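The lines below spell out each chain.
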Amino acid sequence: MGSLALSRVEASDQPAPSIAGEVARIAREQLAPLAMGIDDGSVYPADVMRKFGEVGAWGSHMPPEGPADLRCAIQAMAAIGEVCGATAFMAWCQNTLVWYAGNSTNLKLAKRFGDGFSTGRVLGGTGLSNPMKSFFGIERLKLKGRKVDGGYIVRGALPWVSNLGPDHYFGTIFEREGEPGIASGEPGQVMFLADCSDPAITLTPCKPFLAMDGTGTYGVQFRDVFVPDELILADPAAPFVKKIRAGFILLQAGMALGLIRDCIKIMDEVGGPLGHINRYLPQQPVQFGELAAELEAETMALARDPYNEEETYWRKVIALRLRAGDASVAAAHAAMLHCGARGYLKSHRAQRRLREAYFVAIVTPATKQLRKMLADS
Ligand SMILES: Cc1cc2nc3c(=O)[nH]c(=O)nc-3n(C[C@H](O)[C@H](O)[C@H](O)COP(=O)(O)OP(=O)(O)OC[C@H]3O[C@@H](n4cnc5c(N)ncnc54)[C@H](O)[C@@H]3O)c2cc1C
């Protein structure tokens, strides 16, 4: 699986291998037995998410001092993704929540939530799909807010937000009423933390998905929710989103890398009994090993510098994310063809990988949005 190339990157470029190593151990020992239950939606792995937090999986990208560096967070997420794509997605949700709080200039908020989020004591995620589509001219903001004394009153609904539960938090954005805007940089958008324990916020379970059912994903309704100033992440939101957007996207590479590594393992596992016939397939595990090593090297290079404001850097981030989605689907598709009937069994993880891979390609920014962003820039 290109393991030589992977270990070269890990040896020379990985700042805190012990965190990713510990995460990999917990993933093997405690997450692997839950993976099928998570996939079928009967398990939401809150305890394991907290365990990952205890060994530092959610805090490495927001060091108390010095510049942010996403490499360790991505490697830890990849280790989780090797075992369970749904949990790697929840890892991304948690990491983005930490990323929002850690970058907020609302120091009261950062002080109140920073530790809880980064240690996994408090779990949660992000409702930025709609705003990310809004900033790139694809749809309008779904939440509206009205200024009142000491905060805002927010109403509207988001169709899907993951890694949620009754005591969870997530970051999202509303548009100030009377100030519509759909292009990045326009005033009137405010980013805030939603508190799921607020009685004016309703979490509605979603219809069953193709995969990701154990990810604590809900439709979220805001019925005139009072959002106090203490929960405001950024006002105005646009410059803040510009600052955090590369990190938001780069962290998703962890989901792809983990999934691709496991697809290579799956192909290798059937090499013994089926190698004599699988060698006629056009895509072989060794090629995916090379691709994974390339994607990893590019990800690690970009992840050291998530505040880079250059347009060329931003284009590289978008292009990498697009390749990561394409490569995930291609690797999972190849794993299915290599496995044959074995992988068609519901009990085999090859078909789970295929379903998970499509999520990497459709979660915001989806393949079509990434292509639009490249076309527009
Ligand atoms: C399992 C799962 C978990 C997700 N978790 C999160 C999350 O944590 N945070 C987050 O912000 N986003 C989340 N999303 C949304 C995701 O990131 C994408 O935005 C979504 O998959 C669609 O993206 P798209 O660009 O392909 O949009 P499209 O599918 O092309 O269009 C999306 C728009 O179409 C409408 N629409 C389409 N289908 C439906 C439907 N069944 N019900 C209601 N409206 C619909 C909505 O207006 C929606 O905004 C999740 C989606 C899924 C499937």
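Only a predicted model underlies this, so the values are computations on that prediction, with no experimental measurement involved.

Cut-offs and rules
Residues numbered from 1 in each chain as written. Predicted model: local features only at pLDDT ≥ 70, side-chain atom pairs only at ≥ 80, totals over all residues. Core = buried A, V, L, I, M, F, W, Y, C linked by C-beta atoms within 7 Å. Buried ≥ 20, exposed ≤ 12 C-beta atoms within 10 Å, placed from the backbone. Helix = DSSP H or I, 4+ residues; strand = E, 2+ residues; numbered from the N terminus. Contact = placed C-beta atoms within 7 Å. Near = placed C-beta within 6 Å. Nonpolar A, V, L, I, M, F, W, Y, C, P; charged D, E, K, R; others polar. Domains from an automatic or database assignment.

1. Regarding the nonpolar core
Step number 1: Membership of the largest hydrophobic core comes to 117 residues, with the highest contact counts inside it found for Val23, Met77, Ile80 and Cys263.
Step number 2: Of all the elements, helix H6 (residues 85-103) adds the most residues to this core, at twelve residues.
Step number 3: If we skip the residues at most four places from it in the chain, Met77 touches Ala88, Ala91, Trp92, Asn95, Leu251, Gly254, Met255 and Gly258.

2. Describing unusual backbone geometry
Step number 1: Residue Pro236 is bonded to the preceding Asp235 through a cis peptide linkage, with omega at 10°.
Step number 2: Mapped onto the elements, Pro236 comes out in the loop between strand S8 (232-234) and helix H9 (237-250).
Step number 3: Along the chain, Thr364 connects to Pro365 via a cis peptide bond; the corresponding omega equals 0°.
Step number 4: Its place among the elements puts Pro365 in the loop between helix H15 (349-362) and helix H16 (367-376).
Step number 5: Backbone geometry at Asn163 places phi at a positive 60°, although glycine is not the residue there.

3. With respect to the site of the ligand
Step number 1: Taken together, 21 residues lie around the ligand, and Ser129, Trp160, Ser162, Thr364 and Ala366 are the ones closest in.
Step number 2: Sorting the residues of the shell around the ligand by element identifies strand S1 (124-127), helix H8 (129-135) and strand S3 (151-161) as the ones contributing at least two each.
Step number 3: Its residues placed into classes, the shell around the ligand shows ten nonpolar, nine polar and two charged.
Step number 4: A domain split of the shell around the ligand shows at least three residues from each of domain 2 (125-240) and domain 3 (243-376).

4. Looking at the domain arrangement of the protein chain
Step number 1: Partitioning the protein chain into structural domains gives domain 1 (3-122), domain 2 (125-240) and domain 3 (243-376).
Step number 2: Each of domain 2 and domain 3 has a C-alpha centre, and the two are 29 Å apart.
Step number 3: Contacts between the two partners involve eleven residues from domain 2, matched on the other side by 13 residues from domain 3.
Step number 4: Broken down by element, the side of domain 2 that touches domain 3 gets its largest block of residues, three residues, from H8.
Step number 5: Broken down by class, the residue content of the side of domain 2 that touches domain 3 amounts to nine nonpolar, one polar and one charged.

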